[in-house]
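Inside the fold
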Amino acid sequence: MPEYWKVTRLSEKAVSPAMGERVLESPGMGEVLVRMHAAALNFADILMLQGTYQDTPTRPFVPGLEGAGVVMAAGPGTDLPPGTRVAVHAQGTMAEAGIFPASRCIPIPDNLGFQEAAGFSIAYGTSHLALTHRASLQRAETLAVLGAAGGVGLTAVEIGAALGARVIAIARGAERLQAARDAGATELIDSATCPDLRAALRDLGGVDVVYDPVGDAPGAAAFGALKPGGRFLVIGFAGGQPPALPLNHALVKNISILGLYWGGYEKLAPEILRTSLVELMELARQGRLRPHVGATLPLERLPEAYELLASRRAIGKVVVTM
């Protein structure tokens, strides 16, 4: 059992479709008890349920990697008093309540609702760390975003535009491309009708940074449009498999291939991750970031929500509410 679900003696019971009713203990040192109001789905959730994710917990476990709610009780050594609205990035958010490390909870501004905050941490955090810390995206550089209407893709478009980059969005269909344009993309490529993605990107002048949460053939095609000194961000493989990247081209063109596993920063450099999240929450408070919720379902319809995510029918994040 994940230690986030230490038992409790509250008058209320926490419910998860995966675990049934559980009674939660009072939070311990450095922990807070959060009454969840919403939780967001990620492709990593599906991989965990399939047992193929790199950090799959021991079964049985409560699914969900991020959400938002209100602190109900705080253990010793925490600075989040009861009543604080927080975004949570930890295992076990698909339930009515949970005990989480306080370090995994970030206060959210008043102008950010629970549904928007639920899917904020991982998607925005991934794009912010990737574009700023890993790729060092500069103002006026060209950024190509694959899967630009997906949960992380839209955040990459939005953050790239906020950083002053020229953003090329690659997505399927007019509706998805319009969502990317609304998020700040200046150039649009419809992957459903584009016969040669590499040529299309080259016709637009080439690319300094590729943000790739898709992989497979689209990732390889975008890699071929990178300028000398370009950076290729490996974010995920929603297309089914990693892209086949020609390393000889990386050598000749001085291209950097940069992986970004956001969750790994909890161990690699937690201070960098937390600083990034604090900066993002400030941008949200200023109204410079506008999280897009593509679909909202109640917790009781969690299997349907996972199916919606797997089919890629939603634009933006899929969120469940409690």
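The coordinates are above.
The following refers to the structure shown. (Residues numbered from 1 in each chain as written. Predicted model: local features only at pLDDT ≥ 70, side-chain atom pairs only at ≥ 80, totals over all residues. Heavy atoms only, no water.)

**Some remarks on the nonpolar core**
- Counting residues in hydrophobic clusters, the biggest one holds 58 residues, and the most contacted among them are Leu143, Tyr211 and Leu233.
- Ranked by residue count, the leading element in this core is helix α10 (residues 270–285), at six residues.
- If near-sequence neighbours (up to four positions away) are discounted, Tyr211 is found in contact with Thr126, Ser127, Ala130, Leu131, Leu143, Ala144, Val145, Leu146, Val152, Ala156, Leu233 and Ile235.
- Judged by nonpolar contacts, the second largest core, of 20 residues, contains Ala200, Leu201, Ala221 and Ala225. (Core = buried A, V, L, I, M, F, W, Y, C linked by side-chain atoms within 4.5 Å. Buried < 20%, exposed > 50% of the residue type's maximum accessible area, 1.4 Å probe, protein only. Helix = DSSP H or I, 4+ residues; strand = E, 2+ residues; numbered from the N terminus. Contact = heavy atoms within 4.5 Å.)

**A closer look at the environment of Cys194**
- By secondary structure assignment, the location of Cys194 is in the loop between β10 (187–190) and α6 (197–203).
- Exposure remark for Cys194: the relative accessible area of 22% places this residue in the partly exposed category.
- Taking the C-alpha atoms as reference points, Cys194 and Ile170, 24 residues apart in sequence, are found 9.6 Å from one another.
- Cys194 has contacts with Ile189 and Ala200, leaving out every residue within four places of it along the chain.

**Regarding helix α3 (residues 121–134)**
- Burial of α3 is extensive: eleven of the 14 residues sit out of reach of the surface.
- Buried within α3 we find Ser121, Ile122, Ala123, Tyr124, Gly125, Thr126, Ser127, His128, Leu129, Ala130 and Leu131.

**Concerning the packing of aromatic side chains**
- This model, assessed by the stated rule, comprises three aromatic pairs.
- Seen from their ring centres, Tyr53 and Tyr261 are 6.3 Å apart, and the 80° between their planes marks the pair as edge-to-face. Of the two residues, Tyr53 is situated in the loop between α1 (43–50) and β4 (66–74) and Tyr261 in the loop between β13 (256–259) and α9 (265–268); the sequence distance between them amounts to 208 residues.
- Accessibility expressed as a relative area gives 32% for Tyr261, which makes it partly exposed.
- Ring geometry for Phe120 against Tyr124: centres 4.5 Å apart, planes inclined by 20°, an arrangement best described as stacked.
- Tyr124 sits in the buried class, given a relative accessible area of 2%. (Phe/Tyr/Trp six-rings, centres within 6.5 Å; stacked < 30°, edge-to-face > 60°.)

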